[in-house]
Amino acid sequence: MPAYYEKFTGRTLLVCVGPDSALMLDLAALRAVRSATGLNFHRVLSATRFKFADALRRERNLGRPVELLHLALHASPEGVAFADGVADGSWLSERLFGVRIMLLASCRGDSIGDWLGVVPHVITLSEDISHEDAAVLTQHFWHNIGLSMEPGPALDEALTHCPPAVSEYVVRHW
């Protein structure tokens, strides 16, 4: 295992899911990841900006900062839509220090991904894909990360399980 990823061993993925019930597919996918790889996750349902920031703060204070982040929230060029409003790139960047890998499993998230340079590996989608296709991408990407693959190859392999058009909408911000 590469030295860069040894630090992810035993780490927990923070998963924030919006109020849209269709986004819950990602949780089912991540349960399969946990079973296959042992990659644990904490979830924040109907995620608000406060609950999200509080989860990040709590983990930092407990000496286990969040390094892996999955956001199953709607996005637009204005920002990420939490249950209590939109968080723009500036607000997110102030809170994401220490996150190493982030998947924004949302359509039209590419503009906001450009703001998140504080995170070394950000993956977003530039256009709408189905919730089912997003769940497939989610499951295979995090499965590969759970197996200690680097983000680029993990994403490449995950995309082989998706319809070919999905790869046209994936944006790597690194």
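Residues numbered from 1 in each chain as written. Predicted model: local features only at pLDDT ≥ 70, side-chain atom pairs only at ≥ 80, totals over all residues. Heavy atoms only, no water.

### Side note on the pairing of strand 1 (residues 12–17)
Of all six residues in strand 1, five are buried, a share of seventy percent or more. A crossover links strand 1 with its parallel partner strand 2 (residues 40–44), the connecting element being helix 2 (residues 25–37), and its sense is right-handed. Here five bridges tie strand 1 to strand 3 (residues 68–72), and the two strands are oriented parallel to one another. In the sheet register, Val 17 faces strand 3, and the bridge partner there is Ala 72. (Buried < 20%, exposed > 50% of the residue type's maximum accessible area, 1.4 Å probe, protein only. Helix = DSSP H or I, 4+ residues; strand = E, 2+ residues; numbered from the N terminus. Right-handed = clockwise from strand over helix to strand, strands pointing away. Pairing = 2+ DSSP bridges.)

### Some words on the sheet that holds strand 8 (residues 121–125)
If you walk across this open sheet you meet the six strands as 2-1-3-7-8-9, and the pairing is mixed. Two strands lie at the open edges of the sheet, namely strand 2 and strand 9 (170–172), each paired on one side alone. Across this sheet, the average inter-strand angle for adjacent strands is 15°, counted without regard to direction. The sheet contact formed by strand 7 (residues 101–104) and strand 8 spans three bridges and is parallel. Along strand 8, the bridge assignment pairs Leu 103 with Ile 123. Strands strand 1, strand 2 and strand 3 of the sheet are contacted by helix 3 (residues 49–61), whose axis makes an angle of about 170° with strand 1. Lying on the sheet, helix 7 (residues 151–159) is in contact with strand 7, strand 8 and strand 9; it crosses strand 9 at an angle near 170°. (Axes fitted to C-alpha atoms, helices over the stretch in contact; angles between N-to-C directions. Contact = heavy atoms within 4.5 Å.)

By themselves, these figures tell us nothing about what the structure is for.
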